[in-house]
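# Geometric and topological summary
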Amino acid sequence: VGDAVGATLTSEPATYNELVAAGIDPNDPANLNAIAVEIHLGSGQTLRAYVAGSGFIGSSSSSGSGGCIGVSCRIGFSDGSGDRVATITKDGDNWGMLIIPATATWLKEFFNVEFAVFSNASSEFSFAGGSATLQLPAGLSLAPTGSPQRFSVAMPDIPGAGSASTSWIVRGDVEGDYYPSARYAGSLEPTGLPVSVRAPVSEPFKV
């Protein structure tokens, strides 16, 4: 019976439009990678300030807008969601550091995964009552589509020399190389003998 069935598991990166069409929210924090950093810059790197006596008397900046008053300089930096303010101070002969909070987010990687099952049996036989189960290693997950996905789904009956397929959208959550697989299980009719086949991806997911 094993020779009567074959299967393939293939994948390709999902496009932004495909994700939106599937009901995936690109702005959901669960679908985003994020980093938060602080950039510490010396006074001469983003700001030119002129000081005399106990305070600043003028300034210029190539990184944003703002100015200096007394012993403090304030500069606004636009990051697309509003201005951030950085401050540099001088207390006697001691200079402070310019600290710029910064954040960045980008969409996680998503993959279209297709599992196809092929019957090599003759026309008097068929595969019936079949199901397909996706097996994902840790670091990958089913994407949160508009209609919730399930790891195991029912497959239509497959006539002799016929085929059937199903698909999932998978999200990459952790950087790495992954080899997911899928398994088909059903019965060969009219004999009732069990039929099963497992197929791994031929190329790893690179997240």
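The preceding data block contains the structure.
Let me begin by describing the structure that accompanies this report.

Definitions and limits used
- Residues numbered from 1 in each chain as written.
- Predicted model: local features only at pLDDT ≥ 70, side-chain atom pairs only at ≥ 80, totals over all residues.
- Heavy atoms only, no water.
- Core = buried A, V, L, I, M, F, W, Y, C linked by side-chain atoms within 4.5 Å.
- Buried < 20%, exposed > 50% of the residue type's maximum accessible area, 1.4 Å probe, protein only.
- Helix = DSSP H or I, 4+ residues; strand = E, 2+ residues; numbered from the N terminus.
- Contact = heavy atoms within 4.5 Å.
- Pairing = 2+ DSSP bridges.
- Axes fitted to C-alpha atoms, helices over the stretch in contact; angles between N-to-C directions.
- Phe/Tyr/Trp six-rings, centres within 6.5 Å; stacked < 30°, edge-to-face > 60°.
- Polar contact = N/O pair within 3.5 Å; in protein donor to acceptor, adjacent residues only side chain to side chain.

## Let's talk about the nonpolar core
With 29 residues, the main nonpolar core has Val113, Phe115, Phe127, Trp168, Tyr184 and Phe205 as its most contacted residues. Those elements that provide at least two residues to this core are strand 1 (5–13), strand 10 (110–119), strand 11 (126–135), strand 12 (140–142), strand 15 (163–172), strand 17 (181–189) and strand 18 (193–200). Per-element tally for this core: the top contributor is strand 10, with four residues. Ignoring any residue separated from it by four or fewer positions in sequence, one finds Trp168 in contact with Phe111, Asn112, Val113, Phe115, Ala132, Thr133, Leu134, Leu142, Gln149, Arg150, Phe151 and Val153. Counting six residues, the second largest nonpolar core, distinct from the first, contains Ala14, Leu19, Ile24 and Ala143.

## Looking at the sheet that holds strand 15
If you trace the four strands from one edge of the open sheet to the other, you get 1-10-15-12, paired in antiparallel fashion. If you trace the sheet from one side to the other, it starts and ends with strand 1 and strand 12, each paired once. On average, each strand axis in the sheet is inclined to that of its neighbour by 30 degrees, with strand direction left out of account. Examined bridge by bridge, strand 12 and strand 15 share three bridges and lie antiparallel to one another. Each residue of the ladder has a partner; that of Ser141, found in strand 15, is Arg171.

## Notes on the packing of aromatic side chains
All chains considered together, the criterion is met by two aromatic pairs. Aromatic pair Phe111 and Phe205: ring centres 4.6 Å apart, planes at 35 degrees, arrangement tilted. Residue Phe111 is found in strand 10, and its partner Phe205 is found in strand 19 (residues 205–206); the two are separated by 94 residues along the sequence. Both residues of the pair, Phe111 and Phe205, count as buried.

## Some words on the side chain of Lys108
Along the chain, Lys108 turns up in the loop between strand 9 (98–107) and strand 10. Accessibility expressed as a relative area gives 13% for Lys108, which makes it buried. In terms of polar contacts, Lys108 uses its side chain to reach the backbone carbonyl oxygen of Ala30, at 3.0 Å. Residues contacting Lys108, with those up to four places away along its chain left out, are Ala30, Asn31, Leu32, Asn33, Arg171, Gly172 and Asp173.

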